[in-house]
Amino acid sequence: MVTNKTPSKETNSSVSSRTQRSGRQPQGSSFDAANEIPLIGKHDSERYGGRTDSHIDADSRAESHIDADSTIQVDSNNIATSLVPVPPFSDKEYDQVEEEPACDKDRLGDVDEWGRSEHMREITRQLMDPFYNHWFRVEWEGLEKIPKEGGALLVANHAGAIPPDAPIIMHGVEKELGRPVYGLADYWFRTIPIVNVMWSRMGGVTAHPDNALRIMRDNQQLALVFPEGTKATSKSFSDRYRLRRFGRGGFVEIAMRAGAPIIPLAVVGAEEAMPILYRVPGIASMLNLPYFPITGNMLAFGPLLGPLGWFLYFPVKFKIKVLDPIYYDVEPGQDRYSKSFVMEEAEQVRTLIQETLYDMLRDRKSILNG
Amino acid sequence: MGRRVLITGVDKFWGGRIAQTLEQDPDFDVILGMGTKEPQVALERAEFVRSDQAYSILSRIVKATHVDTIIHTFVVTNTSEVSSRSLHETNVIGTMNLLAAAGQRGSMVRQVVVKSSSNVYGATENDPTWFREETPRSKPARSRLERSLLDVEQLVKDFAEDNPATVVSMVRCANVLGSEITTPTSANLARTLAPVIVGFDPLMQFVHEQDVVDCLLHLTRKRIPGLYNLAGDEKIPWSEVINICGARIAPIPAYGTMNVASLLVRLGLINFTPEMEPLLRYGRGIDTTRIKRTGFELQHTTAGTVRSFIKAVRLKKNIGNEPQSYIYEHDIEQFFRHSPAIVRN
């Protein structure tokens, strides 16, 4: 990938430098000007010579002046790094950076740049495993379609008042394939004390386009996204397995930009793990929550376990089907892609997952046992 | 013919350090240091000019001395020490006068280097994990410092646009730590009582003071234009910073944070600025790919910066502050620079 880009980058910069010279683009010209206009003319040295240049002899000054001039020409990236106007972000500029792994050997902790800690992951894995194996009895189909290396975007349907699908997918892929998954989630997570730290240490990342791009393209890792967002997790039980709008198709655009495939996942089980029966309108805004539900779990476990029961899932069978990766035949690294194309592709992913869900539900004999 | 450079804030840490380093560089013939107070460090050949904080005298100096380079380090980012009015005067009005002087007719200025701060990005929950130079803020600026820095940057950008023949370089530094500079964060860590907003453990980035000086000099020497982020590699959690420094925790509740914090400040326990509040919640990361592309190499990672800082603090605690070895005296400085009795070779 890198080798392909090299010639295109060079042509690109030479073109832009030409346009900058002709257009009203001060940077290219400022740089040239530094070459052409001598900083101080000879007459200045006569005018000021002797008084202020105390101990430096003329020869060394002459030499160093030549050096200074030659260093000006060193940097060919200047056009892209000019101050004004700050040029539009070009991915090509960053493409050739070799991402170095964390190099500070003397660190005390193991928290990476995303806030993920392998130590915390290990604890989570041990806590999650019994739930994964015995409570939800997660079953994967087509797991081999998730690539063993390279960036990719996992796109799944979302459900449950406190959605269990994200941790299950993250745990599953890590367990079965040994690859970390960075779960992209709403900004809102970051504002809640304690939750934000736990979530971040376990591999959660804010769903910012830049973050997704960096995870997939620069770090070559897997990112997991739920394009429906809270629209899906807040829906009532009566709407189960009916996918909501897939955002504005941003996830397709990011995958295109990163040059990474989209891998759709159809998840069955999350809807029944914590179904929402009723949404209490007032309390949500009071508590600064996206929604405040009355769940089946509250009614079923609440009397026995109290508030703890609110967080206990029903032991439903989880089935996750991995669909064929979708590759986009577009040039990666562009600032924007045709909106209609993006929306169309997003809609296709949605339809695909929706159809697969219906198929899986047709085959499901029992909610609890699959 | 060497360069003629003017440095602002020579009485402060950055200006003083840069003037000292440039004195060793034969490329620089004339070094002028401007400051509101006397320099705190011994300068050999740099000339000191006193001015008010808004540099009203600057346009005369630029005209008279034909300086070709201005290094503007006197942009205040430590709001715990200055009033709101003085912050505005120093940062916005000072920069405005400086750039007006640099851009006046007959000015020989061909490069302006400005030290800005990563505070311009703010810190909110909507932020990306890494800010690039062109990444916009997620939310409008609320704090005085951020607004003032944004104003400064806007002035610099306008100047660069109006003066295409001038190389304009600007560096946005992450939070600085080092053996000599004092910031609100370094003050907290040095007295080993670190404020923590309960339930938050943000990822932080620090840059070593020497790396900042080196970077400003790198851009000056090579005349590299552009806007650059500068921070140590990697981000580390605030809890790890506290661990490295062996500090105790001053817990501050997540709600009503500023009220409790200002109470602790009143009691003299901690140092807390309005900019620290969002930072201690959400942290901030700035991408330094671009400055590395220019051939600049940082000597310290973020964790390395913290380690080197706390070692210096420990040494100071053991041996006490060094007595001030240098006091600026006008007559003596003038004598050494201009007396015919001095043998110059």
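Residues numbered from 1 in each chain as written. Chains lettered and ligands numbered in written order. Predicted model: local features only at pLDDT ≥ 70, side-chain atom pairs only at ≥ 80, totals over all residues. Heavy atoms only, no water.

Chemist: Break down the overall build of chain B for me, with residues and values.
Modeler: Of the regular secondary structure elements, chain B holds twelve helices and 13 strands. Taken over 345 residues, chain B has a buried fraction of 64%. Pairs at least 24 apart in sequence give 79% of the contacts found in chain B among residues at least 6 apart. When the accessible surface of chain B is summed, it comes to about 13100 Å², and 52% of that surface belongs to carbon and sulfur atoms. (Helix = DSSP H or I, 4+ residues; strand = E, 2+ residues; numbered from the N terminus. Buried < 20%, exposed > 50% of the residue type's maximum accessible area, 1.4 Å probe, protein only. Contact = heavy atoms within 4.5 Å. Areas by Shrake-Rupley, 256 points an atom, 1.4 Å probe, with all protein chains shown as cover.)

Chemist: Requested: an account of the sheet that holds strand β9 (residues 319-322) of chain A, with residues and values cited.
Modeler: All names here are of chain A. Ordered by their spatial adjacency, seven strands build an open sheet running β1-β9-β6-β2-β5-β3-β4, and the pairing between neighbours is mixed. Lying at the two open borders of the sheet, with one neighbouring strand each, are β1 (139-141) and β4 (204-206). The average angle at which neighbouring strand axes cross in this sheet is 25°, direction not considered. Two strands pair when backbone bridges link them, and strand β2 (residues 152-156) and strand β6 (residues 262-268) are joined in this way by four bridges, in the parallel orientation. Counterpart to L154 in the pairing with β6 is I263. Helix α8 (residues 165-177) contacts β1, β2, β3 (181-185), β4, β5 (222-225), β6 and β9 of the sheet and is inclined by roughly 70° relative to β1. (Pairing = 2+ DSSP bridges. Axes fitted to C-alpha atoms, helices over the stretch in contact; angles between N-to-C directions.)

Chemist: Tell me about the confidence of the model for chain A, residues and numbers included.
Modeler: All names here are of chain A. Model confidence for chain A is summarised by a mean pLDDT of 76, while 72% of its residues fall at 70 or above. This stretch, residues 1-82, has a pLDDT under 50; its non-local contacts, to residues over four places away or in other chains, come to 112 contacts. Taken together, the stretch residues 84-91 has pLDDT below 50 and engages in 26 contacts with residues farther than four places along the chain or on a different chain. (pLDDT = per-residue confidence, 0-100.)

Chemist: Describe the packing of helix α7 (residues 238-245) of chain B against helix α11 (residues 302-319) of chain B, naming the residues involved and giving the relevant values.
Modeler: All names here are of chain B. Across the interface, α7 lies against α11 with an axial gap of 9 Å and an inter-helix angle of 30°. On the basis of the axis angle, α7 is roughly parallel to α11. Like other packed secondary-structure pairs, α7 and α11 cross with a definite hand, here right-handed. On α11, the residues that touch V241, I244 and C245 of α7 are A303, V306, R307, I310 and R314. (Parallel < 35°, antiparallel > 145°, perpendicular 65-115°, else oblique. Left-handed = near helix turned anticlockwise from the far one by under 90°.)

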